[in-house]
Amino acid sequence: MRFYKIFSMALLLLLAPLSLFAEFYSSSYYGWNLDLPEGFVLKDSSKDGLSFYLEHEFMKVRCAIKMYPVQSYERSDLAMEEVLNKLNADGEIDGFDWNGRMASIAQYEFKLPGNQTPQAGWGLSATTQATPAHLVVLCYADKDVFNDCQQFVLSAVDSLCVGKEDFRKPGPVTSYAFNSGETKNAKIKIGKKEVYALVPAQAKESGRFVIDREFSVLTLYAKQKQWKEAWQRYYRAIFREAYSRLDGAAQAIHSALKAEALANNPQNPNIEICRKLLAWTQDFDYQRRQDTSDFNDLASVLQNQGSDCDSRALLLCVLMEHYGVKTELFISGIYSHALFGADLPGPGARITVDGTDYLLCETTAPVDMGLVAKEHSETANWIPVDLP
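Only a predicted model underlies this, so the values are computations on that prediction, with no experimental measurement involved.

Just to check I follow, could you spell out the sheet that holds strand β16 (residues 350-353) for this structure?
Strand pairing in a sheet takes place through backbone hydrogen bonds and is either antiparallel or parallel in direction. On the basis of which strands lie adjacent, the open sheet formed by five strands has the order β16-β17-β15-β14-β18 and antiparallel pairing. Bordering the open sheet on either side are β16 and β18 (383-385), each of which pairs with just one other strand. Each strand of the sheet is rotated relative to its neighbour by a mean of 35°, with strand direction disregarded. For β16 and strand β17 (residues 356-361), the ladder comprises four bridges, and the chain directions are antiparallel. Paired with Thr352 across the two strands is Asp357, which belongs to β17.

Got a minute to help me understand the side chain of Thr356 in this structure?
Inspection of the secondary structure puts Thr356 in strand β17. Here Lys326 takes part through its side chain, which lies 3.3 Å from a polar atom of the side chain of Thr356. Dropping the residues within four chain positions of it, Thr356 is found in contact with Lys326, Asp343 and Ile351.

Would you mind showing me how to read helix α7 (residues 247-264) here?
The α-helix winds at 3.6 residues per turn, so residues separated by three or four positions along the chain end up facing the same way. Its 18 residues give α7 an end-to-end C-alpha distance of 25 Å, which sits within 8% of 26 Å, the value for a rise of 1.5 Å per residue. Of all the bends in α7, the greatest measures close to 45° and is centred on Leu257. On its buried face, α7 sits against β12 (183-190), β13 (193-200), α8 (269-282), α9 (298-302) and α10 (309-322).

Where do I start with the nonpolar core in this structure?
For soluble globular proteins, nonpolar side chains are generally found buried alongside one another. Judged by nonpolar contacts, the single largest core of 101 residues is most densely connected at Ile253, Leu277, Trp280 and Leu314. At nine residues, α10 tops the list of elements feeding residues into this core. If sequence neighbours within four positions are ignored, Ile253 has contacts with Ile188, Ile190, Val195, Leu277, Trp280, Leu302, Leu319 and Tyr323. Grouped together as the second largest cluster of nonpolar side chains are twelve residues, Tyr68, Ala89, Phe110 and Val136 included.

Help me understand the packing of helix α5 (residues 203-218) against helix α6 (residues 227-243) in this model?
Between α5 and α6, whose axes approach to 10 Å, the crossing angle comes to 170°. Classified by the angle between their axes, α5 and α6 sit roughly antiparallel to one another. For the pair formed by α5 and α6, the contact residues are Ser206, Gly207, Val210, Ile211, Glu214, Phe215, Val217 and Leu218 on the first element and Ala230, Trp231, Arg233, Tyr234, Ala237, Ile238 and Glu241 on the second.

Would you take a moment to explain the pattern of salt bridges for this structure?
When their charged atoms lie close together, side chains carrying opposite charge are able to pair. Inspection of the entire model under this criterion finds 17 salt bridges. Residue Lys86 pairs with Glu82 through a salt bridge whose shortest N-O separation is 3.8 Å. A residue pair is termed a helical-turn pair when its members lie 3 or 4 positions apart in one helix, as Lys86 and Glu82 do in helix α2 (residues 76-86) at four residues. Here Arg245 and Glu241 are joined by a salt bridge, their closest N and O atoms 3.0 Å apart. Taken together, the salt bridges that share partners define one network made up of Asp35, Asp158, Arg213, Glu214, Arg233 and Arg236.

Explain the environment of Leu344 here, please?
Structurally, the position occupied by Leu344 is in the loop between β15 (337-342) and β16. As a C-alpha pair, Leu344 and Glu378 span 34 residues in sequence and 21 Å in three-dimensional space. Once residues within four sequence positions are removed from consideration, Leu344 is found in contact with Asn268, Asn270, Ile271, Cys274, Val325, Arg350, Leu359 and Met369.

In this structure, what is going on with the sheet that holds strand β8 (residues 101-111)? I would like to understand it.
If you walk across this open sheet you meet the seven strands as β4-β5-β6-β10-β9-β8-β7, and the pairing is antiparallel. Sheet topology places β4 (40-45) and β7 (90-98) at the edges, where each strand pairs with a single neighbour. For this sheet, the mean inter-axis angle between neighbouring strands, taken without regard to orientation, is 20°. Two elements, β4 and strand β5 (residues 51-56), share five bridges in a ladder whose sense is antiparallel. By the bridge assignment, Val41 is partnered in β5 with Glu55.

I keep staring at the packing of aromatic side chains and nothing clicks. Help me out?
Going through the model one piece at a time under the given rule, you end up with 18 aromatic pairs. Here the aromatic cluster, defined as three or more aromatic residues joined through ring pairs, consists of Phe215, Trp231, Tyr234, Tyr235 and Phe295. When the ring centre of Trp98 is taken as reference, the NZ or CZ atom of Arg101 above it lies at 5.0 Å. Arg168 extends its terminal NZ or CZ atom over the ring of Tyr243, reaching a point 4.8 Å from the ring centre.

How should the pairing of strand β10 (residues 133-142) be read in this particular structure?
Residues in a regular strand point their side chains to alternate faces of the sheet. The buried count for β10 comes to ten of ten residues, which makes it a mostly enclosed element. Both strand β6 (residues 61-69) and β10 contribute to a ladder of nine bridges, which runs antiparallel. Paired with Lys66 across the strands is Val136, a residue of β10. Pairing analysis gives nine bridges linking strand β9 (residues 118-127) to β10, with the strands arranged antiparallel.

How do you make sense of the confidence of the model for the protein chain when you look at a structure like this?
For any part of a model where pLDDT is low, the fine detail of the predicted coordinates should not be relied upon. A residue-level look at the protein chain finds 93% of positions with pLDDT of 70 or above and a mean pLDDT of 92. Between residues 1-22, whose pLDDT stays under 50, and residues either more than four places distant or in other chains, the model counts 65 contacts.

For this particular structure, what's the right way to read the pairing of strand β3 (residues 32-35)?
Side chains of β3 alternate between two faces, with Trp32 and Leu34 and Asn33 and Asp35 buried alike. Across four bridges, strand β2 (residues 24-27) lies against β3 in antiparallel orientation. Across the sheet, Phe24 pairs through a bridge with Asp35, a residue of β3. In textbook terms, the turn of a hairpin is the stretch between consecutive antiparallel strands, and for β2 and β3 this stretch comprises four residues, one of which, Gly31, has a positive phi near 85°. Where β3 and strand β11 (residues 160-161) come together, two bridges link them in antiparallel fashion.

Thresholds, definitions, all that
Residues numbered from 1 in each chain as written. Predicted model: local features only at pLDDT ≥ 70, side-chain atom pairs only at ≥ 80, totals over all residues. Heavy atoms only, no water. Pairing = 2+ DSSP bridges. Helix = DSSP H or I, 4+ residues; strand = E, 2+ residues; numbered from the N terminus. Axes fitted to C-alpha atoms, helices over the stretch in contact; angles between N-to-C directions. Polar contact = N/O pair within 3.5 Å; in protein donor to acceptor, adjacent residues only side chain to side chain. Contact = heavy atoms within 4.5 Å. Expected span 1.5 Å × (residues − 1). Bend = angle between axes of the 7 residues up to and from the residue. Core = buried A, V, L, I, M, F, W, Y, C linked by side-chain atoms within 4.5 Å. Buried < 20%, exposed > 50% of the residue type's maximum accessible area, 1.4 Å probe, protein only. Parallel < 35°, antiparallel > 145°, perpendicular 65-115°, else oblique. Salt bridge = Lys/Arg side-chain N within 4 Å of Asp/Glu carboxyl O. Phe/Tyr/Trp six-rings, centres within 6.5 Å; stacked < 30°, edge-to-face > 60°. Lys NZ or Arg CZ within 6 Å of the ring centre and 35° of its normal. pLDDT = per-residue confidence, 0-100.

Here is the structure:
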């Protein structure tokens, strides 16, 4: 059965300890990763390195992570069932295909030992890829505030990756809610070229689901010390959801542009492709959404159906990353603006991030790569967003 609430909202072994960098909780040995909302604190872990318990600093939300050796259960959903049984939880578990593998999702309620306050939450289970093991992640809150926390909880569990390929594919919650597999033809006009590409039929709905959910999380950090990190996570989540959804579009665009790009620059045709795509986005109709987040889904932006600086810049990141170019999104609250950065040669303004010099590109004015308005030239006022 499908859990209606999702649609209504859209619609370690001792040798493998938990690693923490910013708000990434991960195990390199097993290959899993959680890009949790900022503010979770590790409160407890088991001696065998297989269980972890975290609490959030200002949200009444908790997260439990449990690993089971792969030989313990035939499937990961059985590990989930065992965890919920131990909690005496009431809930439902549903299996689904996540990036070509089986996973399970659960909605449940239970009471903590010595605490009569009911808990409610969402959980996921899947088998890790690097070193196979069954991973169970539970995220929950006091039942009386759960409705206020539910988007936050779903954001946390949807950040799960159990293999490298997951970093650029929709998270498990999003995959569960939008998995029809149907595609439709999208018309993309680049200059005088008309490009037709297959995109998922639910790409716009899926994109809006993630954008609106993550914006509701982002607003919680407006007056918190982690506001900058929250902004960075917001864009990472959108990039992750959109990247593989636009595989077909990226391939079709590349096919349409590569011959001319090779003719103009045989040594580095990506420079010409980037220049062409930059001019394309600069010619988009400038339009900001007036409801919730003003960021439009990238499937719509791709077809010039409303965009502003950050959605255009992130679209360019998605496309150029498909072509093997390392990119960076730069955002500024001071300037209320966003820029696209590409690891490409050429003259002009640059910002260095972790040793890489990114050539800056302005998506809302008809200027060449590397040209940035003088009033936006103070590099200290730009926040880099490392993409997964």
